[in-house]
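Coordinates in review
Listed below are the residues making up each chain.
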Amino acid sequence: QLQLQESGPGVVKPSETLSLTCTVSGGSISSSRYYWGWIRQPPGKGLEWIGNVFYSGSTYYNPSLKSRVTISGDTSKNQFSLKLTSVTAADTALYYCARVVYYGSGSYSFDYWGRGTLVTVSS
Amino acid sequence: QSALTQPRSVSGSPGQSVTISCTGTSSDVGGYNYVSWYQQHPGKAPKVMIFDVFKRPSGVPDRFSGSKSDNTASLTIFGLQAEDEADYYCCSYAGSYTLVFGGGTKLTVL
């Protein structure tokens, strides 16, 4: 059974960089059938797509976050990571990693999710 | 890229049907047949219920049905059950390999 687990600091200071890692078990991030993505959810609010990474290294980002986001994959560790620079309180959220099934063209769905990790931006 | 518009809340009694709308633009919902729906219970990760407007992943009851007309997608739940009470989010392809979620709808089963 595929499992995803987010890890990283629970508190980040304003203006610093948020760094999270998603460790995948029960499957390989090197599969050509899937992308791997990050989604966040501010407390009490809705979901926001952050971006996806393909095993080849191709990345796709939310235009509103693109200038601050980097997503990368490490096939040797079966992990993928998120870096978000210059964080503010507005970046406080539950961050989820997920497997993205890609059916072709613009067809995507997030079929496996981690449990999420809460990141608070505070001094 | 703005969030898709969903009603804040909907409700229905057990056995009834409810429909949740998701309105976007011709750049997302209206431009592609790639809308998915996610169910999220409190404290849990979302679960995909519908993809490609109307397709159901294996294991999702056929009480869940998706459709789309112009810039609005809809999720209809037939024969409401207590366990359907949750938050629901739509998600659409928005071109250039990007995705956009809706603001979410809280479904209350009366």
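Residues numbered from 1 in each chain as written. Chains lettered and ligands numbered in written order. Predicted model: local features only at pLDDT ≥ 70, side-chain atom pairs only at ≥ 80, totals over all residues. Heavy atoms only, no water.

Quick notes on the interface of chain B and chain A
Counting residues at the interface gives 20 residues for chain B and 24 residues for chain A. For the pair chain B and chain A, the summed buried surface comes to about 1,800 Å²; carbon and sulfur atoms form 66% of the total. By the criterion of area lost to chain A, the three top residues of chain B are Tyr97, Leu99 and Phe101 of chain B, representing 34% of everything that side buries. Taken together, chain B and chain A are joined by zero salt bridges. Across the chain B-chain A interface, the total number found is eight residue pairs in polar contact (both at pLDDT 80 or more). For the side of chain B that touches chain A, the elements supplying multiple residues, two or more each, are β3 (35-40), β7 (86-93) and β8 (99-101) of chain B. The class makeup of the residues in the side of chain B that touches chain A is 12 nonpolar, six polar and two charged. (Contact = heavy atoms within 4.5 Å. Buried area = accessible area lost by both parts, 1.4 Å probe. Salt bridge = Lys/Arg side-chain N within 4 Å of Asp/Glu carboxyl O. Polar contact = N/O pair within 3.5 Å; in protein donor to acceptor, adjacent residues only side chain to side chain. Helix = DSSP H or I, 4+ residues; strand = E, 2+ residues; numbered from the N terminus. Nonpolar A, V, L, I, M, F, W, Y, C, P; charged D, E, K, R; others polar.)

Regarding the sheet that holds strand β2 (residues 18-23) of chain B
All names here are of chain B. Pairing within the open sheet is antiparallel, and its three strands lie in the order β2-β6-β5. Looking at strand neighbours, the two that pair on one side only are β2 and β5 (64-69), the edges of this open sheet. In this sheet, neighbouring strand axes are inclined to one another by 20° on average, regardless of whether the strands run parallel or antiparallel. When β5 meets strand β6 (residues 72-77), the two strands line up antiparallel, connected through six bridges. Paired with Phe64 across the bridge in β6 is Ile77. (Pairing = 2+ DSSP bridges. Axes fitted to C-alpha atoms, helices over the stretch in contact; angles between N-to-C directions.)

A look at the nonpolar core
Note on soluble globular proteins: their nonpolar side chains tend to be buried together. Grouped together as the largest cluster of nonpolar side chains are 27 residues, with contacts concentrated most on Leu18, Trp36, Trp38, Phe80, Leu82 and Tyr95 of chain A. Elements that contribute at least two residues to this core include exactly β3 (18-25), β4 (34-41), β5 (48-54), β7 (69-74), β8 (79-84), β9 (93-104) and β11 (117-121) of chain A. Ranked by size, the runner-up nonpolar core spans 23 residues in total, among them Val10, Val29, Ala86 and Val100 of chain B. (Core = buried A, V, L, I, M, F, W, Y, C linked by side-chain atoms within 4.5 Å. Buried < 20%, exposed > 50% of the residue type's maximum accessible area, 1.4 Å probe, protein only.)

What about the state of the cysteines?
All names here are of chain B. For the structure on display, the rule yields two disulfides over all chains. A disulfide bridge connects Cys22 with Cys90, and the sulfur atoms are separated by 2.0 Å. The sign of the 80° torsion about the S-S bond sets the Cys22-Cys90 disulfide as right-handed. A residue pair is termed long-range when its members are at least 10 positions apart, and Cys22 in strand β2 and Cys90 in strand β7 qualify at 68 residues. Given a relative accessible area of 0%, Cys22 falls into the buried group. Left unpaired, Cys91 is separated from the closest cysteine sulfur, that of Cys90, by 7.7 Å. Assessed through its relative accessible area of 2%, Cys91 is described here as buried. (Disulfide = S-S within 2.5 Å.)

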